[in-house]
There are 2 protein chains.
Amino acid sequence: MKTFLRCGTGGLSFFGLAVVLTAGPWQSLFNGRDLTGWRVVNGTAPYAVADGAIVGTTVRGTPNSFLAADREFGDFIFECEVRHEGGPANSGIQIRSLVRPDYREGRLHGYQVELDPSARAWTGGIYDEARRGWLYPPSLNPRALTAYEPGRWNHVRVEAIGPVIRTWINGIPVAHLIDDVTPAGLLALQVHSVDNKPGQEGRRILWRNLRIQTTDLVPSPPDGIFIRNTGVNTVSPEEQARGWRLLWDGRTARGWRGADGRPFPAAGWSLADGVLTVLGRDGGDIVTEEEFSAFELQLEFQLTEGANSGIKYFVSGRLGLEYQLLDDERHPDATKGAAGNRTLASLYDLIPREPLPEGTGIEPKIGEWQHARLVVRPDGSVEHWLNGVNVVSYRRGSPLFQALVARSKFAENPGFGLAARGPILLQDHQSVVRFRSIKIRPLTE
Amino acid sequence: MKTFLRCGTGGLSFFGLAVVLTAGPWQSLFNGRDLTGWRVVNGTAPYAVADGAIVGTTVRGTPNSFLAADREFGDFIFECEVRHEGGPANSGIQIRSLVRPDYREGRLHGYQVELDPSARAWTGGIYDEARRGWLYPPSLNPRALTAYEPGRWNHVRVEAIGPVIRTWINGIPVAHLIDDVTPAGLLALQVHSVDNKPGQEGRRILWRNLRIQTTDLVPSPPDGIFIRNTGVNTVSPEEQARGWRLLWDGRTARGWRGADGRPFPAAGWSLADGVLTVLGRDGGDIVTEEEFSAFELQLEFQLTEGANSGIKYFVSGRLGLEYQLLDDERHPDATKGAAGNRTLASLYDLIPREPLPEGTGIEPKIGEWQHARLVVRPDGSVEHWLNGVNVVSYRRGSPLFQALVARSKFAENPGFGLAARGPILLQDHQSVVRFRSIKIRPLTE
C-alpha cells in the first residue's frame, strides 16, 4: 500500500528517499443534483440533471448553446466523463473562453476541446470557437482518432498551464497546443446548433464527474505527439526537447544564401517584423547553408492573390522535390501538370495532394497564415501536411516514385530527388509570399 | 479457483453445465539434463545441454545440422521456448521431416518452422527445407514480423493436425498453412550453416521446455490471418468459413465467358487436369460472368518462356486494371512503359512492383507454380501480392492514382479503373500461361 503526502503549496513532498510530485486538491464543479454554479450563456438548448449527470439536448434551429461554470479559470487541470445518447451530436468543452459585449454581440468564443462523435472523430482536438477555427485538428495525431467511443462514458483530461494546452481522451494523448492568445476565461459545456432537418434534435450529451485542479499543477510527462506552437518564430522548451530549432532566426539572413552558390539576395527578399517575404522582384531562390537528410520541417506561409512559390528539399542547384505553394484558384499552373499535381501542397508535377476534409474550415485562405509540415523519415518515406492534414505520402526512390518521375518534367534529370542530403530552398517565382516560424528537427531511426 | 477435468480419450468433458474442451496430456521431449531421446542427423554443429536448455552452436563451414527426437510425429501440438545468444543465427524447428537414403543422400527435408533473428524477421514462417522452399513467408502476415525477440526467451507453438499447420510466436499467430505433402516425420532442431566469414561462428540457439501433445488435440480458435492452401482447386473448411470459394471449378467453363460479351472460346483455352491454360492461339480473353466490387482473389499461375498475360479487374470491355503476368527476362514489354511498370505483378503501365526480398528463393521461376493475390478493399485500397509479398499498393481513384493514369496509355480512357464493380479477366496475349486454384471472397467493411 502506498501513501502520498499532499503538500498544499509546493507540489514537492519528501517521503522517505523518494521525491513525489503531488498536485493540488481536486474541486468538484458539479454537485450531481442540480445546476448550482452553472449558467447558460448563448443559445437555448436545454441543460438538465439526470442520474448524476448534466444532460444537454439538441434542439432544432437553435444556435450554439453553452452552459458555463460561474467562475473563470486560468491555469488548471480539468477532468470529466462524457457520453452521447440518441445519436451523434457535435459538442465540446470550452476553456479559457470569453463573452464580451464588444465581440460579436456577446458571442462566447475561445478554445474548445472538441467532442465529435461523427465519422471524422476529431474528439479531443482544439478548436477556436467563433474566432480562429481549428488550432489542433486530431488529424495531426491519427492514433487519437479512435480514442472516443460515443456510446459509453469517456474520460476527458485537459491541462491548461501557461500557454500549453494538452488533452487526453480515455488516457490517449490527442492534442498538444502552445498558444497564448487567452490566458484565462470561462469553462463551458457546448450543445452545438443542429440543422432544421428532422432527426437531429433530441440527441443528448452527458457530462459527469467534472472536477478541476487550480493549484500545484503537475503536467503529465511528455507524450511524443506533434506540438503545434502558434508562437511566432519561437521554439518552446517542449519543442526544443524534441530537437526542434529555428531554421530562420526571425531577423537575419544567417544560415541562408542564394541558390546556385550565390550570396543572399541583396534585394527581392524582406526580413522584417518577424516575416521572411519573397517580394517577387527577381531576388532569386534562397537555400539553407546546412544540408539535411531525414528531418521534420514546419513553417507558416501566407499566399497573396495569384501567388506561386515552393519549398524544395534535397535540392541540387535549383532542382529538388517541391512542396508546392500556389493560389490554386488564380494561378494557371493549378490546372497544368496531371490531375492537379501542381496544386498547393502537392509534390510538384508528381503527386497531387489529397483533398482536405470538408466542413472543417481548414481550407487554406489567401492572405492568412497557413501551416505546412514536411516529414522525411530515415526509411525514405515522405509526408506533406497542410493545416494539420497529411495530404501527400510517398517513398523517395520507390518503384512508384521512379515511375512518376519517368513521366514528369524531371524525366531527363537522372537521379532526380534521390540525393542522400540537400539544403532546403524557398522559391522566388515572381510572386509575393510570406514565411515565418520556419523550424526543423533531424529525424533518426 | 477453477478446476478442469481432463478427459483422456474424448476431448470433451462435462463440468456442471459448461462444456470444456481439454487436450490430451503434454509429454516432455527433453529431460533438462542430457540429450537422451535425441540424435544428430546431418551436419556437425555441436549440440549440448546447459542450464536446462539444449544449446546449438554455429560452426564455420559446416552444413545445416539437425538434432532430431528419436520418434516420429504425425498430428501434434508442440510448444517450446527459444532464444538466441551471441548474435543472430538462422535456425528452425523441423516438423514432419524426412531422412531417406534415396533423397539427396539422406538430406533431412520437410517443413521447418523458421527461427530468423535477422532484420527480415521471418520467425514462425513455414519453409520447406531442402524441398520446395518458402510455403508461408511471414510477409503474408506483417503483424507477425515483430513477434520474435532474439535476445530473450520466446514461446513457440506449432499445431500440425491433418493438413493444417499453424504457428504462433509469443501468442501471436504467424502462419496458417494447409499442405498435405508429408503427414508425419521427424521433429528436429536446426543449426543453420554459416559462411566461412569470421564472426558468424560461436553463435548459440537455445531451446527449452520442449513438450508435445499427440492425443485429443484441440486446435486453437480461428485467428483471421491469411490461409495458404497448397491444395489444387480446393477450398478448405477454414477458407470456406472466411468466405473463400472457387472462381474456377477446376473442370468446366461454368461462370466464365469470352470478353466483349462473346461466348466462352471454343478453342485457345484448355481446361484439363485441373489446369486452366491459355494456349496463345487467339482464343481471346475470358471474363467471369459475375462482377465484383471489394474482394480478395488468389490463384496460382505458371509462366512459360517469354510469356505475357494478365489478371484484369474492374473490367469494362477488355480494359481494366491489370495485375501483369510476364516473363520479365524474356518479354520485351518488361523494359517498356516507365521504370518497370510493365513487369510481373506490376499494376500494368501504372505502378511497378516493389522488389522481392533477396536471398529468400521466392523469386518467380518460369515453368513453376507461383502465387498471386489481389486485395481490393471497400475503402478503395488495392494490393498486389506475389509469392506472399505485397509488391504494389495504391488507392483506386486517389489523386495519386489519377495522376498516374493521366500520364499512362489509359490517359484517353475517361474513368479508367473507376467502375464500382466489374468482372475478373484472364488475358490471352498469344502466350501459354497456366492457372489453377483460382479463388475469391468478397470483402466487407
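Keep in mind that what you see is a predicted model, and the values were worked out from it rather than measured. (Residues numbered from 1 in each chain as written. Chains lettered and ligands numbered in written order. Predicted model: local features only at pLDDT ≥ 70, side-chain atom pairs only at ≥ 80, totals over all residues. Heavy atoms only, no water.)

A. Looking closely at the interface of chain A and chain B. Counting from both sides, the interface comprises 21 residues of chain A and, opposite them, 21 residues of chain B. In this assembly, chain A packs against chain B so that about 1500 Å² is buried in total across both faces, 62% of it on carbon and sulfur atoms. Remark: the boundary between chain A and chain B carries four salt bridges. Here Asp349 of chain A ties to Arg407 of chain B by a salt bridge, and the two come within 2.7 Å at their closest N and O atoms. Applying the counting rule to chain A against chain B returns five residue pairs in polar contact (both at pLDDT 80 or more). (Contact = heavy atoms within 4.5 Å. Buried area = accessible area lost by both parts, 1.4 Å probe. Salt bridge = Lys/Arg side-chain N within 4 Å of Asp/Glu carboxyl O. Polar contact = N/O pair within 3.5 Å; in protein donor to acceptor, adjacent residues only side chain to side chain.)

B. Molecular detail of the side chain of Ser309 of chain B. All names here are of chain B. Relative to the elements of secondary structure, Ser309 occurs in strand β25 (residues 308-316). Residue Ser309 is classed as buried on the basis of its relative accessible area, which comes to 0%. Within the local environment of Ser309, its side chain forms a polar contact with the backbone oxygen of Gln427, the two atoms lying 2.7 Å apart. Not counting the four nearest positions on each side in its chain, Ser309 is found in contact with Glu322, Gln324, Leu325, Gln427, His429, Val433 and Phe435. (Helix = DSSP H or I, 4+ residues; strand = E, 2+ residues; numbered from the N terminus. Buried < 20%, exposed > 50% of the residue type's maximum accessible area, 1.4 Å probe, protein only.)

C. Inspection of the sheet that holds strand β9 (residues 91-97) of chain A at higher detail. Residues and elements named next belong to chain A. The sheet built from seven strands is open, its strands ordered β4-β7-β16-β9-β10-β11-β12 with antiparallel pairing. One side of each edge strand has no neighbouring strand; the edge strands of this open sheet are β4 (38-41) and β12 (133-136). With direction set aside, neighbouring strand axes in the sheet form an average angle of 30°. Bridge analysis of β4 against strand β7 (residues 65-73) gives four bridges, and the strand direction is antiparallel. Bridge pairing in β7 links Val40 to Leu67. (Pairing = 2+ DSSP bridges. Axes fitted to C-alpha atoms, helices over the stretch in contact; angles between N-to-C directions.)

D. A look at the sheet that holds strand β26 (residues 319-326) of chain B. Residue and element names in this part refer to chain B. Strand order in this open sheet of five strands is β20-β23-β30-β25-β26, and the pairing throughout is antiparallel. The open sheet is flanked by β20 (256-258) and β26, the only strands paired with a single partner. Bridge analysis of β25 against β26 gives seven bridges, and the strand direction is antiparallel. Across the sheet, Ser309 pairs through a bridge with Leu325, a residue of β26.

E. Structural context of the environment of Arg436 of chain A. All names here are of chain A. Here Arg436 lies in strand β31 (residues 433-442). With 162 residues separating them along the chain, Arg436 and Gly274 place their C-alpha atoms 6.7 Å apart. A polar contact of 2.7 Å, which involves the side chain of Arg436, links it to the side chain of Glu300.

F. Examining the packing of aromatic side chains more closely. Scanning the entire structure with this criterion turns up 20 aromatic pairs over all chains. Relative to Phe314 of chain A, the ring of Phe295 of chain A has its centre 6.3 Å away and its plane inclined at 45°; by these criteria the two rings are tilted. A residue pair is termed long-range when its members are at least 10 positions apart, and Phe295 of chain A in strand β24 (residues 295-303) and Phe314 of chain A in strand β25 (residues 308-316) qualify at 19 residues. Between Phe292 of chain B and Phe295 of chain B the ring centres are 6.0 Å apart and the planes differ by 55°, which places this aromatic pair in the tilted class. Overall, Phe292 of chain B belongs to the buried group, its relative accessible area being 8%. Assessed through its relative accessible area of 1%, Phe295 of chain B is described here as buried. (Phe/Tyr/Trp six-rings, centres within 6.5 Å; stacked < 30°, edge-to-face > 60°.)

G. Examining helix α2 (residues 399-406) of chain A more closely. With six of eight residues buried, α2 of chain A lies mostly within the body of the structure. Here α2 of chain A has its buried residues at Pro399, Leu400, Phe401, Ala403, Leu404 and Val405 of chain A. For α2 of chain A, the elements touching its buried residues are β26 (319-326) and β29 (389-395) of chain A together with α2 (399-406) of chain B.

H. Representation of the side chain of Ser139 of chain A. Residue and element names in this part refer to chain A. Position of Ser139 among the secondary structure elements: in the loop between β12 and β13 (154-161). Ser139 gets classed as buried once you look at its relative accessible area, which sits at 13%. Within polar-contact distance, the side chain of Ser139 engages the backbone oxygen of Gly388 at 2.7 Å. If we ignore the near neighbours within four places in the chain, the residues touching Ser139 are Trp122, Leu145, Trp385, Gly388 and Val389.

I. Here's a closer look at the relation of the copies chain A and chain B. When chain A is fitted to chain B, the best match, at an RMSD of 0.0 Å, comes from turning it 180° and sliding it 0.1 Å along the axis. Between the two chains, the operation in question is that of a two-fold axis. Take the interface residues of chain A: 100% of them recur as interface residues in chain B, which is what a same-surface contact looks like. (Least-squares fit on C-alpha atoms with pLDDT ≥ 70 in both.)

J. Seen up close, the pattern of salt bridges. Inspection of the entire model under this criterion finds 66 salt bridges over all chains. A salt bridge links Glu354 of chain A to Arg395 of chain B; the shortest N-O distance between them is 2.6 Å. Linking Glu354 of chain A in the loop between β26 and β27 (370-376) with Arg395 of chain B in strand β29 (residues 389-395), this pair reaches from one chain into another. The shortest N-O distance in the salt bridge between Arg166 of chain B and Asp223 of chain B comes to 2.8 Å. Linking Arg166 of chain B in strand β14 (residues 164-169) with Asp223 of chain B in the loop between β17 (204-213) and β18 (228-229), this pair joins segments that are 57 residues apart in sequence. Note on Arg166 of chain B: relative accessible area 5%, which makes it buried. Overlapping salt bridges bring together Glu79, Arg157, Glu159, Arg166, Arg211, Asp223 and Arg242 of chain A as one network.

K. Expanded view of the domain arrangement of chain A. All names here are of chain A. Split into domains, chain A comes out as domain 1 (3-213) and domain 2 (233-442). Between the C-alpha centres of domain 1 and domain 2 there is a distance of 36 Å. Tallying the contact residues gives nine residues for domain 1 and twelve residues for domain 2. Of the roughly 740 Å² buried where domain 1 meets domain 2, counting both sides, 68% is carbon and sulfur surface. Inspection of the region where domain 1 meets domain 2 yields zero salt bridges. Remark: the boundary between domain 1 and domain 2 carries two residue pairs in polar contact (both at pLDDT 80 or more). Partitioning the side of domain 1 that touches domain 2 into residue classes produces six nonpolar, two polar and one charged. (Domains from an automatic or database assignment. Nonpolar A, V, L, I, M, F, W, Y, C, P; charged D, E, K, R; others polar.)

L. A look at the confidence of the model for chain A. Mean pLDDT over chain A: 93, with 95% of residues reaching 70 or higher. Counted against residues more than four places away or in other chains, residues 1-20 of chain A, with its pLDDT under 50, gives 28 contacts. (pLDDT = per-residue confidence, 0-100.)

M. Structural context of the pairing of strand β28 (residues 381-386) of chain A. All names here are of chain A. Burial within β28 is extensive, with six of its six residues counted as buried. Note: β27 against β28, five bridges, orientation antiparallel. Across the sheet, Val376 pairs through a bridge with Val382, a residue of β28. From the end of β27 to the start of β28, which pair antiparallel, there are four residues, and Gly380 there has a positive phi angle of about 95°. Relative to β29, β28 runs antiparallel, the two being bridged by six bridges.

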